[in-house]
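# Structural overview
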Amino acid sequence: MAIMKQYLKSRPVCKVTFTVPAKEANEVVVVGDFNNWNSKEACLKKLKNGNFKGTFEVPKDMTYEFRYIIDGTYTNEAEADAFKWNDYAGTENAVLYV
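Bear in mind the structure is a predicted one, so any value in this text is a computation, not a measurement.

The helix and strand tally for the chain stands at zero helices and nine strands. Listed by position from the N terminus, the elements making up the chain come as β-β-β-β-β-β-β-β-β. The C-alpha atoms of the chain give 13 Å as radius of gyration, which agrees with the globular expectation for 98 residues (13 Å, within 12%). With respect to the three principal axes, the spread of C-alpha positions in the chain is 40 × 35 × 25 Å. Sorting the 98 residues of the chain into buried and exposed places 43% on the buried side. Long-range pairs, those at least 24 residues apart, make up 59% of the contacts in the chain between residues at least 6 apart in sequence.

Written out as structure tokens, the structure reads:
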């Protein structure tokens, strides 16, 4: 899994690209604070090499908690900037600093 950040000079946003290797998966979604945990607005596109990839513009100078949903199973990003305990879910969320 990987996260790429591209800061825009023209606007106070960061383009964040999520890449998830999941050859056997049918659907990968990224949900978090940046999209109100809405899985309907967060589908990643499956590429020919089996990776799922998607880019989202998020306001910079913020911290966001997020997780992937791979075929219905929540998964954290191994290369996240940090991890934070979530009492509601009873597990850790990945953290993204932009």
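Moving on, we get to the pairing of strand 9 (residues 91-97). Judged from the four bridges that link them, strand 6 (residues 63-70) and strand 9 form a sheet pairing that is antiparallel. Bridge pairing in strand 9 places Phe66 opposite Ala94. Where strand 8 (residues 82-86) meets strand 9, five bridges bridge the pair, whose relative direction is antiparallel. Paired with Lys84 across the bridge in strand 9 is Asn93.

This brings us to the packing of aromatic side chains. As enumerated under the stated definition, the model contains seven aromatic pairs in all. With 5.9 Å between their ring centres and 50 degrees between their planes, Phe34 and Phe56 make a pair best called tilted. Of this pair, Phe34 sits in the loop between strand 3 (28-32) and strand 4 (45-46) while Phe56 sits in strand 5 (residues 51-59), and the two are 22 residues apart along the sequence. For the pair formed by Phe34 and Phe56, the shared burial category is buried. Plain terms: the ring middles of Phe34 and Tyr64 are 6.1 Å apart, the flat faces sit at 80 degrees to each other, and that makes the pair edge-to-face.

Our next topic: the side chain of Asn93. Within the element layout of this structure, Asn93 appears in strand 9. With relative accessibility at 2%, the residue Asn93 sits in the buried group. A polar contact of 2.8 Å, which involves the side chain of Asn93, links it to the side chain of Glu65. With residues up to four places along the chain from it excluded, the contact list for Asn93 reads Trp37, Glu65, Phe66, Arg67, Asn76, Ala82, Phe83, Lys84 and Asn86.

Pairing is antiparallel across the open sheet formed by four strands, whose spatial order is 1-2-5-4. Both edges of this open sheet fall to strand 1 (2-7) and strand 4, since each of them pairs with a single strand only.

Grouped together as the largest cluster of nonpolar side chains are 25 residues, with contacts concentrated most on Phe18, Val20, Val28, Val30, Phe34, Leu44 and Phe66. Sorting the residues of this core by element identifies strand 2 (13-21), strand 3, strand 5, strand 6 and strand 9 as the ones contributing at least two each. Sorting elements by how many residues they give to this core places strand 6 first, with five residues.

Cut-offs used in this document
Residues numbered from 1 in each chain as written. Predicted model: local features only at pLDDT ≥ 70, side-chain atom pairs only at ≥ 80, totals over all residues. Heavy atoms only, no water. Helix = DSSP H or I, 4+ residues; strand = E, 2+ residues; numbered from the N terminus. Rg over C-alpha atoms; globule rule 2.2 N^0.38 Å. Buried < 20%, exposed > 50% of the residue type's maximum accessible area, 1.4 Å probe, protein only. Contact = heavy atoms within 4.5 Å. Pairing = 2+ DSSP bridges. Phe/Tyr/Trp six-rings, centres within 6.5 Å; stacked < 30°, edge-to-face > 60°. Polar contact = N/O pair within 3.5 Å; in protein donor to acceptor, adjacent residues only side chain to side chain. Core = buried A, V, L, I, M, F, W, Y, C linked by side-chain atoms within 4.5 Å.

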